[in-house]
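Residue-level listing of the chains:
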Amino acid sequence: MSSTPIRVGIIGADTKASWAGASHIPALAAQPDFHLAGVATRHEESARGAAEAFGAERWFADPYALIDDPSIDLVTVAVKVPAHRELVLAALAANKAVYAESPLGATVAQTEEMAEAAGSLHTAIGLQGRLNPSVRRAAEIIAEGRLGRLLSARVAATTFGNGPESVSAYEYFDKAASGAGFLPIAAGHVLDVVEAVLGDITEIDARTELLWPQV
């Protein structure tokens, strides 16, 4: 790593129930190779408050101003999925490194468009499960051949908010247009861990059932 910290700008670093505040900010604070250079929300009051609360150098009420600021090296997009495309493409066009939360796009077409636009720039998607120490260790054990040739695997996972009843704050996750439902988020994270441990999925024969048609 360079002796100069990477200057990070986070879009969506709201102090009220944001994934950036709960996850990204504490992680950056623990990494000396990164520096929180700026935060952005859609409103001046919340942006200013986020900068004060999180110790950011600068605040932006316009996310695109953060993207264009030459003091930002890495743009983190931590807003709701439907807003990812425009922000990610703008950051890539500005020749910035980009970390976008998962799911990357609200549709497959959006995701492919952003992936193609990345080119040789440094990019990452927030699929953090594969970096869990236990997952990495499992992958090492399998790669070393210590379990022999694997013929099958049973995977179980838990999630939150997907059921016959849900709190109003989770309504966003139950709308297909949001791109943030059970399949893109919960199943997506699990399948990424499966690939990290067992290798790439090459063929799928899947059966699904809609247990609760109305929430």
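Since the structure is predicted, the reported quantities are computational estimates derived from the model, not experimental observations. (Residues numbered from 1 in each chain as written. Predicted model: local features only at pLDDT ≥ 70, side-chain atom pairs only at ≥ 80, totals over all residues. Heavy atoms only, no water.)

Along helix α1 (residues 19-29), the positions that sit buried rather than exposed are Ala20, His24, Ile25 and Leu28. The buried residues of α1 all sit within an arc of 95° when viewed along its axis, so they share a single face. Opposite the buried face of α1, by more than 90 degrees, sit the exposed residues Ala22 and Ala29. If you follow the buried residues of α1, they end up packed against β1 (6-11), β2 (34-40), α2 (44-54), β4 (74-77) and β5 (97-100). (Buried < 20%, exposed > 50% of the residue type's maximum accessible area, 1.4 Å probe, protein only. Helix = DSSP H or I, 4+ residues; strand = E, 2+ residues; numbered from the N terminus. Arc of directions from axis to C-beta. Contact = heavy atoms within 4.5 Å.)

What follows concerns the pattern of salt bridges. In total, this model carries 10 salt bridges according to the counting rule given. For the salt bridge of glutamate 44 with arginine 48, the shortest nitrogen-to-oxygen distance reads 2.9 Å. One end of the pair is glutamate 44 and the other is arginine 48, both in helix α2 and 4 residues apart, which spans about a single turn. The class for glutamate 44 is partly exposed, based on a relative accessible area of 44%. Linking glutamate 86 and arginine 85 is a salt bridge whose minimum nitrogen-to-oxygen distance equals 2.3 Å. Overall, the relative accessible area of 23% leaves arginine 85 in the partly exposed class. Salt bridges sharing common partners tie together Arg85, Glu86 and Glu113. (Salt bridge = Lys/Arg side-chain N within 4 Å of Asp/Glu carboxyl O.)

For the bond running from serine 102 to proline 103, omega is 0°, close enough to zero to count as cis. Mapped onto the fold, proline 103 is located in the loop between β5 and α5 (108-118). Positive phi is not limited to glycine here, since asparagine 95 has a value of about 65°. Secondary-structure assignment places asparagine 95 in the loop between α4 (84-93) and β5. For asparagine 95, a relative accessible area of 57% puts it in the exposed group.

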